[in-house]
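Next come the chains, spelled out residue by residue.
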Amino acid sequence: MLEYRSGRVKTRLFLMFCSVLFGSFTLGSTDILAAYPLDAPTNDIHLQAEAPPSYQRALPTAEVLIDVGHGGIDGGAHHEDILEKDINLAVAKKLYLLLSANGIRAILNRDADYALSDDNRWNPSGSRHRRDLSQRSQLTKEIQTKILVSIHVNWAPDKTEHGPLVLHQNEGESALLAFCIQDALNRKHNTHQLPRVGSPFYLLNVVKQPAVIVEMGFLSHEGDRTMLLNPRKQLQLAEAISSGVRNYILLR
């Protein structure tokens, strides 16, 4: 007889051997071991040790994470009522479709006008900007991707500054990715810019996989601004970035 106590409740559990199949019989120890081998697996969920849940298969995987700069309350660079966040999203969506059409799996970290800082419930920082950046970098840890391409628009006090510029990490793979994209952008827009190391930029310092920031042009430059607002020119920008990504993948 075993006794089980829970609070004030006392339950007596009786263990008995029963007779089955038209008669009583006694099982020897060898019979019991044969019927229930010690190493046999069990389907009883109460007897199995609970394994920690795995969320890896629940998250998407891709070759390219497209980081769509700014969003929501954060408009980024601006000229009058023209906001960088809208241009970034328009080009990023086109880039996503072009990469997918060429068999390169891609993910957008935002597909509408909202701030990624709104999704950040884990960073206690009072700075919305810090929460936004840390949310972007955290996604590169949680989502299995090979490279990150961050889409942005530039601005400078000198209104003669113009043309696309690609910034990269101080690391070989990132530099190769940047050169591939910069070359494709130069060919498309007849420019001669060289990519640069983006030392001050948070994302390039904390992201572990090869990452680049693509500054597609200057909102402060009239010609670039006209180009950035034209849907056909936006498609050309996306085509050049997509071409650079494909060339990088082929060279690796």
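Scroll up for the structure.
Values in this document were obtained by computation on a predicted structure and should not be read as measured data.

1. Focus on the pairing of strand 3 (residues 64–68)
- Strand 3 sits mainly inside the fold: five of its five residues count as buried.
- Of the two faces of strand 3, both are covered, the one formed by Val-64, Ile-66 and Val-68 as well as the one formed by Leu-65 and Asp-67.
- The sheet contact formed by strand 3 and strand 6 (residues 106–108) spans three bridges and is parallel. Across the sheet, the residue bridging to Leu-65 is Ile-107, located in strand 6.

2. Digging into the environment of Ser-150
- Within the secondary structure layout, Ser-150 lies in strand 7 (residues 147–154).
- Take Ser-150: its relative accessible area is 0%, and that puts it in the buried class.
- C-alpha separation for the pair Ser-150 and Leu-203, spaced 53 residues apart in sequence, amounts to 8.9 Å.
- In contact with Ser-150, other than residues within four places in its own chain, are Asp-67, Leu-203, Val-212, Ile-213 and Val-214.
- Here the side chain of Ser-150 touches Asp-67 through a polar contact of 2.5 Å, side chain to side chain.
- Of note is the side chain of Ser-150, whose polar atom sits 3.1 Å from the side chain of His-152.

3. Some thoughts on the sheet that holds strand 7
- Strand order in this open sheet of six strands is 6-3-7-10-8-9, and the pairing throughout is mixed. On the outer flanks of this sheet lie strand 6 and strand 9 (196–197), each paired with one strand and no other.
- Pairing of strand 8 (residues 165–168) with strand 9 involves two bridges; the strand directions are parallel. Residue pairing for strand 9: Leu-167 is matched across the bridge by Arg-196.
- Each of strand 7, strand 8 and strand 10 (211–218) is contacted by helix 4 (residues 172–189), which is oriented at about 175° to strand 8, the strand it contacts most.
- Contacting strand 7 and strand 10, helix 6 (residues 222–229) crosses the sheet at an angle of about 110° to strand 10.

Rules used in this analysis
- All chains use their own residue numbering, which begins from 1 and follows the written sequence.
- Thresholds applied to this predicted model are a pLDDT of at least 70 for local features of residues and 80 or more for the giving and counting of side-chain atom pairs; totals over whole chains, interfaces and linings are not thresholded and use all residues.
- No hydrogens and no water enter the side-chain calculation; it runs on all heavy atoms of the structure.
- Each residue is assigned to one of three classes by its accessible area relative to the maximum for its type, calculated with a 1.4 Å probe on protein chains only: buried under 20%, partly exposed between the two thresholds, exposed over 50%.
- Helix and strand labels come from DSSP, where a helix needs a run of H or I of at least four residues and a strand needs a run of E of at least two; each type is numbered from the N terminus.
- Criterion used throughout: strands pair if DSSP finds at least two bridges between them.
- Two residues qualify as a contact provided that any one of their heavy atoms is within 4.5 Å of a heavy atom in the partner residue.
- Here a polar contact means two N or O atoms within 3.5 Å. Within protein one must be a hydrogen donor candidate and the other an acceptor candidate, and residues neighboring in sequence count only if both atoms are side-chain atoms.
- Where helices are involved, their axes are fitted lines through C-alpha atoms of the stretch in contact, as for all axes, and angles between N-to-C directions lie from 0 to 180°.

Functional significance is not addressed by these values, which are geometric in nature.
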